[in-house]
Amino acid sequence: MTTRVWDYLPEYRQERADLLRAVETVFGSGQLILGNSVHGFETEFAAYLGAAHCVGVDNGTNAVTLGLEALGIGPGDEVITVSNTAAPTVLAIDNAGAVPVFVDVREDDFLMDTDLVAAAMTPRTKALLPVHLYGQCVDMAPLQRLAAEHGLLVLEDCAQAHGARHHGRLAGTMGDAAAFSFYPTKVLGAYGDGGAVVTDDPHVDKRLRQLRYYGMEQVYYVVETPGHNCRLDEVQAEILRTKLPRLDSYIARRQAVARRYQEELGDLADSHGLILPSVADGNEHVYYVYVVRHPRRDEIIERLKQYGILLNISYPWPVHTMRGFAKLQYAVGSLPVTERLAKEIFSLPMYPSLSQDLQDKVISALREVLTDL
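Quantities reported herein were computed from a predicted structural model and do not represent experimental measurements. (Residues numbered from 1 in each chain as written. Predicted model: local features only at pLDDT ≥ 70, side-chain atom pairs only at ≥ 80, totals over all residues. Heavy atoms only, no water.)

Caption draft 1: Just helix 11 (residues 297-305), in detail. Buried within helix 11 we find R297, I300, I301 and L304. Burial along helix 11 is one-sided: seen end-on, the buried residues are contained in an arc of 95°. Among the structural elements, strand 13 (309-310), helix 12 (336-342), strand 14 (345-348) and helix 13 (356-372) are those in contact with the buried residues of helix 11. (Buried < 20%, exposed > 50% of the residue type's maximum accessible area, 1.4 Å probe, protein only. Helix = DSSP H or I, 4+ residues; strand = E, 2+ residues; numbered from the N terminus. Arc of directions from axis to C-beta. Contact = heavy atoms within 4.5 Å.)

Caption draft 2: The arrangement of the sheet that holds strand 8 (residues 169-170) in detail. Pairing within the open sheet is antiparallel, and its three strands lie in the order 8-7-11. Lying at the two open borders of the sheet, with one neighbouring strand each, are strand 8 and strand 11 (283-284). Sheet topology places strand 7 (residues 165-166) next to strand 11; two bridges connect them, and they run antiparallel. Bridge assignment links H166 to a residue of strand 11, and that residue is N283. (Pairing = 2+ DSSP bridges.)

Caption draft 3: Region of the structure containing helix 2 (residues 36-49). Along its 14 residues, helix 2 runs 20 Å from first to last C-alpha, staying within 8% of the 20 Å computed at 1.5 Å per residue. Every buried residue of helix 2 is listed here: S37, V38, G40, F41, E42, F45, A46 and L49. Phi for G50, located one or two positions after helix 2, is positive at around 80°. (Expected span 1.5 Å × (residues − 1).)

Caption draft 4: Expanded view of a nonpolar patch on the surface. Nonpolar side chains collect at one region of the surface, where F27, L32 and I33 lie side by side and expose about 320 Å² of accessible area between them. Position of I33 relative to the elements: it lies in the loop between helix 1 (9-27) and helix 2. Looking at I33, the relative accessible area reads 46%, which means it is partly exposed. (Patch = residues over 30% accessible without salt bridge, like charges linked within 9 Å, V, L, I, M, F, W, Y side chains within 5 Å. Areas by Shrake-Rupley, 256 points an atom, 1.4 Å probe, with all protein chains shown as cover. Salt bridge = Lys/Arg side-chain N within 4 Å of Asp/Glu carboxyl O.)

Caption draft 5: Representation of the packing of helix 1 against helix 8 (residues 234-243). Packing of helix 1 against helix 8 brings their axes to within 9 Å, and their N-to-C directions diverge by 130°. Accordingly, the angle class assigned to the pair helix 1 and helix 8 is oblique. The chirality of how helix 1 crosses helix 8 is right-handed. Listed contacts from helix 8 to E11, E15, D18, L19, A22, V23, T25, V26 and F27 of helix 1 are E234, V235, E238, I239, T242 and K243. (Axes fitted to C-alpha atoms, helices over the stretch in contact; angles between N-to-C directions. Parallel < 35°, antiparallel > 145°, perpendicular 65-115°, else oblique. Left-handed = near helix turned anticlockwise from the far one by under 90°.)

Caption draft 6: Region of the structure containing the pairing of strand 2 (residues 53-57). Taking burial as the measure, the five residues of strand 2 include four buried ones, the bulk of the element. Pairing analysis gives five bridges linking strand 2 to strand 10 (residues 195-199), with the strands arranged antiparallel. If you follow H53 over to strand 10, its bridge partner there is T199.

Caption draft 7: Looking closely at the environment of P88. Here P88 shows up in helix 4 (residues 87-95). Along the backbone, P88 and S249 are 161 residues apart, and their C-alpha atoms lie at a distance of 28 Å.

Caption draft 8: Spatial organisation of the pattern of salt bridges. Summed over the entire model, instances satisfying the criterion amount to 21 salt bridges. Across the pair R212 and E42 runs a salt bridge whose closest N-O atoms are separated by 2.7 Å. Placement of R212 in the loop between helix 7 (202-211) and helix 8 and of E42 in helix 2 is noted, with a sequence separation of 170 residues between them. Of the residues examined, R212 reaches a relative accessible area of 7% and is grouped as buried. Between R297 and D298 there is a salt bridge whose closest N-O contact spans 2.5 Å. Among the residues examined, R297 registers a relative accessible area of 4% and is labelled buried. For D298, a relative accessible area of 47% puts it in the partly exposed group.

Written out as structure tokens, the structure reads:
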């Protein structure tokens with residue numbers, strides 16, 4: 001049997017009745033676009049976070065794009081972020097007409113090196129976009145100070161950090177706005193695409209609601225400002241409403257899987273060079289993915305295929321090295337930590353319904369492969 005990094009089918013079997021009930025709720029409601037399910041999820045997700053407003057959109061990429069646009073970020077403005085992220089983070093900045101500016105990440109936890117941000121700022125810098133990566137938060141205090149001192153805006157990319165905390169604060173509550181993805185693999189995942197932007201600013205909330213709906217406000221066909229068609233789907237919203245009360249239990253299960261990896265693989269750090277995830281000070285890690293590191297990563301992944309284990313790399317190609325972003329003119333070697341990590345990191349299976357037997361299989365096979373290297 002093939003073991004993959006992520007599998008939704010065990011969860012579906014466990015929650016099938018509730019999920020199908022959610023679909024039936026929408027189909028029987030008489031309203032399929034921006035109805036009670038989207039409104040209900042927006043209200044409930046905002047309440048979970050302790051935020052004033054939540055605006056559901058069609059995916060996490062557009063959540064970042066609309067978040068930037070609603071904050072007034074546009075053509076020519078520079079947005080400081082990282083290259084060690086999923087490409088959609090940077091595509092969203094580009095979609096807003098802004099210019100991505102990269103800083104390197106930290107060696108131990110792979111998160112934005114906030115000590116490098118000030119040096120990357122120019123008179124065109126208008127926003128900071130920290131990516132709460134792999135399930136834990138960037139150190140926000142330095143970014144908040146810089147934003148206050150220089151009049152910058154902060155948009156948190158929380159696509160991988162639902163429920164993660166930084167010194168007690170939930171991801172998504174530490175900036176001017178925050179973008180979430182509900183792609184199926186996420187800590188809170190839909191059964192299709194979905195996203196949201198949260199904010200405490202009523203003006204940003206109003207702008208977001210216009211932007212996701214063609215730029216219209218109340219009367220259909222009357223465009224107040226050029227916008228998009230980026231609405232969260234009613235079915236996905238109702239599924240997310242069904243799953244949201246289970247979010248903390250999903251997180252607890254992910255943390256239990258992570259603890260077991262630590263217990264069973266921790267001794268391999270010194271003896272075989274396997275580096276396990278590091279949790280930054282003040283963080284509560286929710287382990288969206290369980291990313292480890294080894295200098296012979298590619299060889300390990302190939303050997304594990306013989307055991308029927310297919311692993312993932314998040315991410316093998318830093319964004320600044322991709323041909324699609326050659327216009328940014330970042331030379332190879334300009335972000336050395338990011339580039340080094342891209343050659344060594346890989347993800348072990350991580351999802352709440354991962355069985356102990358499958359985790360045992362992964363642990364045993366990885367130990368055997370490392371011993372044989």
